[in-house]
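Listed here are the chains, written in short residue letters.
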Amino acid sequence: MTRTASTASPPAPDAGPGPTGKQRSRHRAGADASWRDRPMRKITPWLFLLAPLALLITFTYVPVGNMIYYSFTDWDGISPDRNYVGADNYTEIFTRPELFRVFAVSFYYLAASVVQIVIALYFAAVLSFDLRFRNLFKGILFFPYLINGVAIGFVFLYFFQDGGTLDSVLSWFGVGTDHAWLGTPESANTSMAGVSVWRFTGLNFVLFLGAIQSIPGELYEAAQLDGAGRWKQFRHIIAPSIRPVLSLSVILAISGSLSVFEIPYIMTGGATETSTFVIQTVKFAFQFNKTGLASACAVVLLVIILVITWIQRRLVPDEKLDLV
């Protein structure tokens, strides 16, 4: 008898027990955790912030630091010599009453800011409801804010001049006037404050309108079911919800009234007692070559605005309001 050879393969060596599913999950979790703990993971957000921080520091904080440094020197803005004079520039500012007298002009623009806030709030509340041509009125109200301030100054310079547009329009209604609108301090400041109302009402209008449109529509429906009219909806729904935006508008109004520049500088150049603190500062720097004194004026204005803003925030703090 012949024997046939066995074709069975030898048994494979024992490789030991392999990793289970739980062990593989733990391994992956450990790898992810180790990747999160890597230094690059921690500094990645700062890498994205590097460019905006560099721009902010270069074009905001560095110029402010230079301005503060110049305020303690007698630099004329041209020569490389900058002699340290200590607090002499600040002493001159606070010992010359005529330098602070220009702040009286700011009250005209502060009153105009109150008017423009009231007008903007009224139109924002009215146009937030479903009305015909409301988009057209929105564009009309916001359009003046898009125009350059220098262009507005030249337009209204011809508007208020003797025999100009305003006098021509008044003559159509039989109103004859020989009044020089920009000839006296009261009429000039009032006229230019009116121009600021026309120009900046659109900005406040957009802020208020955005805040009003963020209010849930269910609140209006519930108020209508309860029989609340438009005035009660404004008083109990709109007004409380836009309080933070209203506070922001007040801060912008105060800071803007203290730093008015374009309109009075173009229309009168600061003549007839229409000069503002900013116009006075610009004249110190570029007309009288007193950059050190101008820098001190700018620092004083910055501190005044910061203090007023701080006081306003303390008196009217932001309150978290949940209307839903």
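This text follows the structure it describes.
Conventions adopted
- Residues numbered from 1 in each chain as written.
- Predicted model: local features only at pLDDT ≥ 70, side-chain atom pairs only at ≥ 80, totals over all residues.
- Heavy atoms only, no water.
- Axes fitted to C-alpha atoms, helices over the stretch in contact; angles between N-to-C directions.
- Helix = DSSP H or I, 4+ residues; strand = E, 2+ residues; numbered from the N terminus.
- Parallel < 35°, antiparallel > 145°, perpendicular 65-115°, else oblique.
- Left-handed = near helix turned anticlockwise from the far one by under 90°.
- Contact = heavy atoms within 4.5 Å.
- Buried < 20%, exposed > 50% of the residue type's maximum accessible area, 1.4 Å probe, protein only.
- Phe/Tyr/Trp six-rings, centres within 6.5 Å; stacked < 30°, edge-to-face > 60°.
- Lys NZ or Arg CZ within 6 Å of the ring centre and 35° of its normal.
- Salt bridge = Lys/Arg side-chain N within 4 Å of Asp/Glu carboxyl O.
- Patch = residues over 30% accessible without salt bridge, like charges linked within 9 Å, V, L, I, M, F, W, Y side chains within 5 Å.
- Areas by Shrake-Rupley, 256 points an atom, 1.4 Å probe, with all protein chains shown as cover.

Caption draft 1: Geometry of the packing of helix α10 (residues 217–225) against helix α11 (residues 230–241). Where α10 contacts α11, the axes come no closer than 11 Å and their chain directions differ by 135°. The pairing of α10 with α11 is recorded here as oblique in orientation. Between α10 and α11 the crossing geometry is right-handed. The residues of α11 that touch α10, namely those facing Leu219, Tyr220, Ala223 and Gln224, are Arg230, Gln233, Ile237 and Ile238.

Caption draft 2: Region of the structure containing unusual backbone geometry. If you check the backbone angles, phenylalanine 133 has positive phi at about 60° while not being a glycine. Summarising the element assignment, phenylalanine 133 is placed in the loop between α5 (103–127) and α6 (134–146). Taking the relative accessible area as the measure of exposure, phenylalanine 133 reaches 54% and is therefore exposed. Even without being glycine, threonine 272 reaches a positive phi, approximately 50°. Here threonine 272 lies in the loop between α13 (262–267) and α14 (277–286).

Caption draft 3: Just the environment of isoleucine 305, in detail. Tracing the sequence through the fold places isoleucine 305 in helix α15 (residues 291–315). When residues no more than four places from it in sequence are discounted, the contact partners of isoleucine 305 are Ser255 and Leu258.

Caption draft 4: Region of interest: the packing of α6 against helix α9 (residues 185–213). Running from N to C, α6 and α9 point in directions that differ by 130°, and their axes come no closer than 6 Å. The angle between α6 and α9 falls in the class oblique. When the axes of α6 and α9 are compared, the crossing they make is left-handed. For the pair α6 and α9, contact is made by Lys138, Leu141, Phe142, Pro144 and Tyr145 and by Trp198, Arg199, Phe200, Gly202, Leu203, Phe205, Val206, Leu209 and Gln213, respectively.

Caption draft 5: The arrangement of the packing of aromatic side chains in detail. For the structure on display, the rule yields 17 aromatic pairs. When the ring of tyrosine 70 is compared with that of tryptophan 75, the centres are 4.7 Å apart and the planes differ by 45°; the resulting orientation is tilted. Given the relative accessible area of 13%, tryptophan 75 is considered buried. Where phenylalanine 284 meets phenylalanine 288, the ring centres are 6.3 Å apart and the plane angle is 55°; that geometry is what we call tilted. Judged by its relative accessible area of 47%, phenylalanine 288 falls in the partly exposed class. Taken together, the ring pairs in this structure connect Phe94, Phe100, Phe103 and Phe277 into an aromatic cluster. Over the face of the ring belonging to tryptophan 75 we find arginine 82, whose NZ or CZ atom lies 4.5 Å from the ring centre.

Caption draft 6: The pattern of salt bridges, seen in detail. In this structure the tally under the stated criterion is three salt bridges. We note a salt bridge from arginine 96 to glutamate 92, for which the minimum N-O separation is 2.6 Å. Its relative accessible area of 26% is what places arginine 96 among the partly exposed residues. With its nearest N and O atoms 2.9 Å apart, the salt bridge here joins arginine 96 to glutamate 98. Under the relative-accessibility criterion, glutamate 98 is labelled partly exposed at 35%. When salt bridges with common partners are traced through the structure, they connect Glu92, Arg96 and Glu98 into a single cluster.

Caption draft 7: Region of the structure containing a nonpolar patch on the surface. On the surface, Trp46, Leu49, Leu53, Leu56, Ile57, Tyr61 and Val62 cluster together to form a nonpolar patch covering roughly 680 Å² of accessible area. Examined against the element boundaries, isoleucine 57 turns out to sit in helix α2 (residues 39–70). A relative accessible area of 44% places isoleucine 57 in the partly exposed class.

Without other data, these values stay purely geometric and don't point to any function.
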